[in-house]
Amino acid sequence: MQRFDEGDRVRVDIPDKNDPDYDRWSGVEGTIVNVRRDDAGRETGDERDNIEYRVENKEGESMWFRWRDLRPASAGKR
């Protein structure tokens, strides 16, 4: 089940403060610029983990995230 589509505005919400990307990305809003599938769900037992979302921030930096680290942003689609 794909939660977001390209063009959706999202907020990165990394719950683990020990995550190396927490300080840089948690709380940042951006746009989904790419969606790809893999087989990570086979390892986790959760098919939602088969989807990764590339988020680009307003500075043009981007990074891949799983569904659990993303929330809809207040602005919706760009």
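Placed above this text is the structure.
Only a predicted model underlies this, so the values are computations on that prediction, with no experimental measurement involved.

1. A closer look at the overall build of the protein chain
Argument step 1. The helix and strand tally for the protein chain stands at two helices and five strands.
Argument step 2. Taken over the C-alpha atoms alone, the protein chain extends approximately 35 × 30 × 20 Å along its principal axes.
Argument step 3. When each of the 78 residues of the protein chain is scored for burial, the buried share is 36%.
Argument step 4. In the protein chain, 16 side chains carry a positive charge and 20 a negative one; their mean positions are 3 Å apart.

2. Here we look at the side chain of Thr31
Argument step 1. Along the polypeptide, Thr31 turns up in strand β2 (residues 29-37).
Argument step 2. Among the polar contacts made by the side chain of Thr31, one reaches the side chain of Arg9 at a distance of 3.2 Å.

3. Focus: the environment of Phe4
Argument step 1. Structurally, Phe4 can be placed in the segment before β1 (8-12).
Argument step 2. Classification of Phe4 as buried rests on a relative accessible area of 4%.
Argument step 3. Separated by 47 residues in the primary sequence, Phe4 and Ile51 place their C-alpha atoms 9.6 Å from one another.
Argument step 4. Beyond its immediate stretch of four places on either side in the chain, Phe4 contacts Val10, Ile32, Val35, Tyr53, Leu70, Arg71 and Pro72.

4. Let's talk about the packing of aromatic side chains
Argument step 1. All told, the structure shown has two aromatic pairs when counted by the stated rule.
Argument step 2. On the basis of an interplanar angle of 85° and a centroid distance of 5.5 Å, the ring pair of Phe4 and Tyr53 is categorised as edge-to-face. Of this pair, Phe4 sits in the segment before β1 while Tyr53 is found in strand β3 (residues 51-57), placing the two residues 49 residues apart along the sequence.
Argument step 3. Lying over the aromatic face of Trp25, Arg24 brings its terminal NZ or CZ to 5.6 Å of the ring centre.
Argument step 4. The ring of Trp64 carries the charged tip of Arg36 above its face, separated from the ring centre by 3.8 Å.

What counts and how
- Residues numbered from 1 in each chain as written.
- Predicted model: local features only at pLDDT ≥ 70, side-chain atom pairs only at ≥ 80, totals over all residues.
- Heavy atoms only, no water.
- Helix = DSSP H or I, 4+ residues; strand = E, 2+ residues; numbered from the N terminus.
- Buried < 20%, exposed > 50% of the residue type's maximum accessible area, 1.4 Å probe, protein only.
- Lys, Arg positive; Asp, Glu negative; His and termini not counted.
- Charge placed at Lys NZ, Arg CZ, Asp CG, Glu CD.
- Polar contact = N/O pair within 3.5 Å; in protein donor to acceptor, adjacent residues only side chain to side chain.
- Contact = heavy atoms within 4.5 Å.
- Phe/Tyr/Trp six-rings, centres within 6.5 Å; stacked < 30°, edge-to-face > 60°.
- Lys NZ or Arg CZ within 6 Å of the ring centre and 35° of its normal.

Structural measurements only, silent on function.
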